[in-house]
Amino acid sequence: MHEAAELDEWGRQRARIEDERRSTLVDFMELNDRTCRWPLFEGHEPFYEKLYCGARSIPGSPYCPAHAGQAYGVRGRPGSAD
Ligand SMILES: [Zn+2]
């Protein structure tokens, strides 16, 4: 029974974390120049489920600090043809 109680508590924590995370997500209509527009969906997902990060973006950047790091790690390397 002890294990079940722990699992239950973990389930509640996870649900709460996911609720909090979802509450910061925004859809395309809610994006503005102060929200991170890092896409959090795969290309095949339906339009109405296409959500973006929505965290506060760095001034002058379309992304929040975490996603700016990812973006510039992938793109913009010296010598990149992109
Ligand atoms: Zn972000």
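Residues numbered from 1 in each chain as written. Predicted model: local features only at pLDDT ≥ 70, side-chain atom pairs only at ≥ 80, totals over all residues.

1. Notes on the environment of Met29
Point 1. As for its placement among the helices and strands, Met29 is situated in the loop between β1 (26–27) and β2 (51–52).
Point 2. Separated by 22 residues in sequence, Met29 and Leu51 place their C-alpha atoms 9.8 Å apart. (Helix = DSSP H or I, 4+ residues; strand = E, 2+ residues; numbered from the N terminus.)

2. Some thoughts on the nonpolar core
Point 1. Formed by Cys36, Tyr52, Cys53, Tyr63 and Cys64, the largest nonpolar core amounts to 5 residues.
Point 2. When sequence neighbours within four positions are dropped, the list of residues in contact with Tyr52 reads Leu25, Val26, Leu31, Cys36, Arg37, Trp38, Pro39 and Leu40. (Core = buried A, V, L, I, M, F, W, Y, C linked by C-beta atoms within 7 Å. Buried ≥ 20, exposed ≤ 12 C-beta atoms within 10 Å, placed from the backbone. Contact = placed C-beta atoms within 7 Å.)

3. Comments concerning the environment of Trp38
Point 1. Tracing the sequence through the fold places Trp38 in the loop between β1 and β2.
Point 2. Between the C-alpha atom of Trp38 and that of Ala68, which follows or precedes it by 30 residues, the distance is 8.7 Å.
Point 3. Setting aside residues up to four positions removed in sequence, Trp38 forms contacts with Tyr52, Cys53, Tyr63 and His67.

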